[in-house]
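# Results of the structural survey
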Amino acid sequence: MSRIGLHPKILLLQCLLSTFVFHTLAYTEEPTDKAAKSDGYCSSILRAQGTRREGYNEFRLRVEGDPEFYQPGSTYRVTLYTSSPSHFRGFTLIALKEGKGGERDEDYAGSFQIIDAEDTQFMTNCPPAVTQSTLRRRTRIQVFWTAPPSGSGCVILKASIVQKRIIYFQDEGSLTYKMCEKDLLFSEATQRPQSECCACGTAKYRVTFFGNWSEKVHPKDYPRRANHWSAIIGASHSKDYIPWEYGGYASEGVKQVAELGSPVKMEEEIRQKGDDVLTVIKAKAQWPAWQPLNVRSAPSAEFSVDRTRHFMSFLTMLGPSPDWNVGLSAEDLCTKECGWVQNLVQDLIPWDAGTDSGVTYESPNKPTIPQERIRPLTSLDHPQSPFYDPEGGPVTAIARVVVERIARKGEQCNIVPDNVDDIVADIGLEEKEKDDTPETCIYSNWSPWSACSSATCDKGKRMRQRMLKAQLDLTVPCPHTQDFQPCMGPGCSEEESSTCMMSEWISWSPCSVSCGMGMRSRERYIKQFPEDGSICSLPTEETEKCIVNEDCSPSSCLVTEWGEWDACSATCGLGMKRRERMVKMPPSDGSLCNVEVVEVEKCMMPECHTIPCMLSPWLEWSDCSVTCGVGMRTRQRMLKSPAGLGECTEELEQVEKCMMPECPTDCMVSEWSEWSECNKSCGKGHMIRTRMIKLEPQFGGAACPVTVQRRKCKLRKCARGPKEPREKRRSKQNQDQTAEEHPGCKMRPWSDWTDCSKLCGGGVQERWMTVKKRPKGPQASNCKDRKEIRACNVHPC
């Protein structure tokens, strides 16, 4: 019969009924090669999409973490749910590329993974789709979805649900979820602007890096030794040169930062770019990775930007790690209003440089071949990853970067004026008086200078501060902790030209001799050249005399130079520190060495009341609470602080999940079905009952029991008569029996047996005898259709 002219509701009902029939019979395992498609690829689903209810939000489709973007190849948990007392009996879930109709294989994106086989399975006539395993009341189902490879663009996850013979589907609403490829976000973050920067003059910024990677925030497998941030390396640069890009490939310099923490090669790459780079950004490494700000100040660096070089990028490695790092890439500091960004605060998550395939902090070196793109670490990358979360939640930020504008130079042309308090100028530093700080006073580093209190040519003041960390001799007063300097507004100073920005001095080299007087040297590098193009005249190398083993006679000992001081024995208050040296050569005349090889002196840490509690290191993790499957393990530490220092709020016990080998899973079968009717209408016959295998045995579990049982049944004796064909005789006997039981009830012959419900392991077949003519009168209600069931394919799988 042609479908032309049928009402759309009739077509929908046909589609719905065919979907229900298929769902009722589909109890096969997840297909791998997938069955043949019906007319029009996944046509039943696409027809179901025609029914739509605007704004109907009783049912919802959600991706864990609610991400807007997907990382190619990453796995996400997808949930379809409704709130009680609502429910749904059936559902279909698909993932289509945006704008595609689903008629071809390539229209579908990614792949689903079944979590609970009792709830979900793949559709036999539509392999990319997931549907229910059984039609029953439910309020929630979950599956995993693995994102497609790079270049797939945006993906639309769509769900249809069946409730009370109605299919709901929404093209835009709570049953639809859109995600776009993460690389698209990368390209937006690092794309080259369509228009040039229209800001005037120059701006100077300070970038400050606050590392938050610590055992408290990221406790899983946190490395106790050698945890650190590498030296920060970056640049302010033009749009034509980007040191590293989100979604791009790491250069050799970026690789060395990510794997080794060495900035040397990347700095060389940056300096080779000439006019594309305005300032090289460098800041010192941090050992250990985290300390309170009252113990160690956050590393910072200053840099400048101009109209052609208004982007800022930097990198730092978290170590130890395979190739993990954090940073910013091509952060544009030029605004659309032709001004300069005043401040920027950005939380940072770890990135994988794509050059090493390790999954833990201290994984052995394993180069990634071929090299992969720079990508973010996710909570579902690998179960052994320190950032792994079985729920697929977001990775907690491990650092924060703050970029502050501290000065502007030259005539500005921004359309929307900045706040007057934010407009400050570079002013030549006046010569500082000689530092007369007593050696018994230990201070933190000076903070950066504040903005000038005057925005005009009237003289104002700017201030900086430092903290008194220790006073070794209470009889010697310590000088001020604040410093003031005269200043004026922008364009008012006669010494406007900027000066060289130099790094701190690197440690002294070993003495050039092992005995007597020699020389040693130290170096520093230029962090920023003068903006006026002049040459830096400040020295980058310094030398001084050094004496090792003053007495070089045959009766003297030859010793090494003193090593570095050990850490102070106390974390607060007064402690002791020591350093050592070694005897290189005893006296040649055989006499004893009479030199000190150990030196001890006092050290003062911040006052103890500033540290409310002192804790012992964490003990080793306990054994897992289970021998198979998922369990828990714990570890403890002790409170070492003496009483009276205040209440300690730090946790003393930690608990985390642990994974052991999978537990053996026994075969699970359903309850027995009711006994079938006797397969004979007279004489001796048999009845059968069956049960389904719900879960195959896994990991050495108990095998499955029998799934088909048979027992004898005996009815009245059969009347003897002339022999007839068996099937014809049975049909006639049943009709005669029906006629005897229900006079006037005429039946059609038995139908053919249906296909076996299973290929192996015990299935069932059915056949029916339907009423052809019902008698009139009160006996009509007793004239009913008949059904027979028999076992089939009982051989084991």
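Structural notes, computed from the coordinates. Just so we're clear, the structure is a prediction, and the values are computed from it rather than from any experiment.

## Some details on the side chain of Glu215
By the secondary structure assignment, Glu215 is in the loop between strand 12 (202–211) and strand 13 (228–229). Reaching out from Glu215, the side chain makes a polar contact with the side chain of Trp618 at a distance of 3.4 Å. Engagement of the side chain of Glu215 in a polar contact is seen with the side chain of Arg635, the distance being 2.9 Å. Those residues in contact with Glu215, other than ones at most four positions away along the chain, are Tyr222, Trp618, Arg635 and Gln654.

## Points about the packing of aromatic side chains
Applying the stated criterion across every chain, the model contains 15 aromatic pairs. Taking 5.4 Å as the distance between ring centres and 50 degrees as the angle between the ring planes, the aromatic pair formed by Trp213 and Tyr361 counts as tilted. With Trp213 in the loop between strand 12 and strand 13 and Tyr361 in the loop between strand 20 (351–352) and strand 21 (375–376), this residue pair connects regions lying 148 residues apart in the sequence. Judged by its relative accessible area of 0%, Trp213 falls in the buried class. A residue is classified by how much of its surface remains accessible, and Tyr361, at 3% relative accessible area, is buried. An aromatic cluster is built from Phe209, Trp213, Tyr222, Trp229, Phe314, Trp324, Tyr361 and Phe387, whose rings are joined through pairwise contacts. Over the aromatic face of Tyr81 sits the side chain of Arg140, whose NZ or CZ is 5.2 Å from the ring centroid.

## A few points about helix 4 (residues 252–260)
Turning to helix 4, its buried residues are Gly253, Val254, Val257, Ala258 and Glu259. Summarising the contacts, the buried residues of helix 4 are in contact with strand 14 (232–237), helix 5 (264–271), strand 17 (311–319) and strand 18 (324–332). Immediately beyond the C-terminal end of helix 4, within one or two residues, lies Gly261, with a positive phi of roughly 75 degrees.

## Brief notes about the sheet that holds strand 1 (residues 59–63)
Pairing in this open sheet of four strands is antiparallel, and the strands run 1-3-8-5 from one edge to the other. With partners counted over all chains shown, the strands left at the sheet margins are strand 1 and strand 5 (111–114), one partner each. Across this sheet, the average inter-strand angle for adjacent strands is 30 degrees, counted without regard to direction. In terms of strand pairing, strand 5 meets strand 8 (residues 140–146) through four bridges, oriented antiparallel. Within strand 8, the position partnered with Ile114 by the bridge is Val143.

## Observations regarding the pairing of strand 11 (residues 176–181)
Judged by how many residues are buried, strand 11 sits mostly within the fold: five of six residues are covered. Where strand 2 (residues 69–70) meets strand 11, two bridges bridge the pair, whose relative direction is parallel. Counterpart to Phe69 in the pairing with strand 11 is Cys180. Pairing of strand 9 (residues 155–163) with strand 11, which is carried by four bridges, proceeds in the antiparallel orientation. Paired with Lys158 across the two strands is Thr176, which belongs to strand 11.

## A few points about unusual backbone geometry
Looking along the chain, the bond that leaves Trp287 and enters Pro288 is cis, with omega of -10 degrees. By the secondary structure assignment, Pro288 is in the loop between strand 15 (277–283) and strand 16 (300–305). The residue after Ile369, namely Pro370, is reached through a cis peptide bond having omega -5 degrees. Here Pro370 shows up in the loop between strand 20 and strand 21. With a phi close to 55 degrees, Asp221 is a non-glycine residue in the positive phi region.

## A short note on a positive patch on the surface
A cluster of basic residues, Lys746, Arg748, Lys772, Lys773 and Lys776, forms a positive patch at the surface. Its location among the elements puts Arg748 in the loop between strand 41 (746–747) and strand 42 (763–769).

## Description of helix 5
Taken together, the buried positions of helix 5 are occupied by Met266, Glu267, Glu269 and Ile270. An end-on view of helix 5 places all buried positions within 160 degrees of arc, on one side of the element.

## Thoughts on the side chain of Ser379
With respect to the helices and strands, Ser379 occurs in the loop between strand 21 and strand 22 (399–409). Residue classification places Ser379 among the buried positions, given a relative accessible area of 4%. Discounting chain neighbours no more than four positions away, the residues touching Ser379 are Phe387, Tyr388, Asp389, Gly392, Gly393 and Val395.

## Looking at the pattern of salt bridges
With the rule as written, the count across this model stands at 23 salt bridges. For Lys178, the salt bridge goes to Glu98, with nearest N and O atoms at 2.7 Å. Taken together, the residues Lys178 in strand 11 and Glu98 in the loop between strand 4 (90–97) and strand 5 connect sequence positions 80 residues apart. The partly exposed category is assigned to Lys178, whose relative accessible area is 43%. As a salt-bridge pair, Glu601 and Lys577 come within 3.4 Å of each other at their nearest N and O atoms. Placement of Glu601 in strand 34 (residues 598–604) and of Lys577 in strand 32 (residues 574–580) is noted, with a sequence separation of 24 residues between them.

Conventions we followed
Residues numbered from 1 in each chain as written. Predicted model: local features only at pLDDT ≥ 70, side-chain atom pairs only at ≥ 80, totals over all residues. Heavy atoms only, no water. Helix = DSSP H or I, 4+ residues; strand = E, 2+ residues; numbered from the N terminus. Polar contact = N/O pair within 3.5 Å; in protein donor to acceptor, adjacent residues only side chain to side chain. Contact = heavy atoms within 4.5 Å. Phe/Tyr/Trp six-rings, centres within 6.5 Å; stacked < 30°, edge-to-face > 60°. Buried < 20%, exposed > 50% of the residue type's maximum accessible area, 1.4 Å probe, protein only. Lys NZ or Arg CZ within 6 Å of the ring centre and 35° of its normal. Pairing = 2+ DSSP bridges. Axes fitted to C-alpha atoms, helices over the stretch in contact; angles between N-to-C directions. Patch = residues over 30% accessible without salt bridge, like charges linked within 9 Å, V, L, I, M, F, W, Y side chains within 5 Å. Areas by Shrake-Rupley, 256 points an atom, 1.4 Å probe, with all protein chains shown as cover. Salt bridge = Lys/Arg side-chain N within 4 Å of Asp/Glu carboxyl O. Lys, Arg positive; Asp, Glu negative; His and termini not counted. Charge placed at Lys NZ, Arg CZ, Asp CG, Glu CD. Arc of directions from axis to C-beta.

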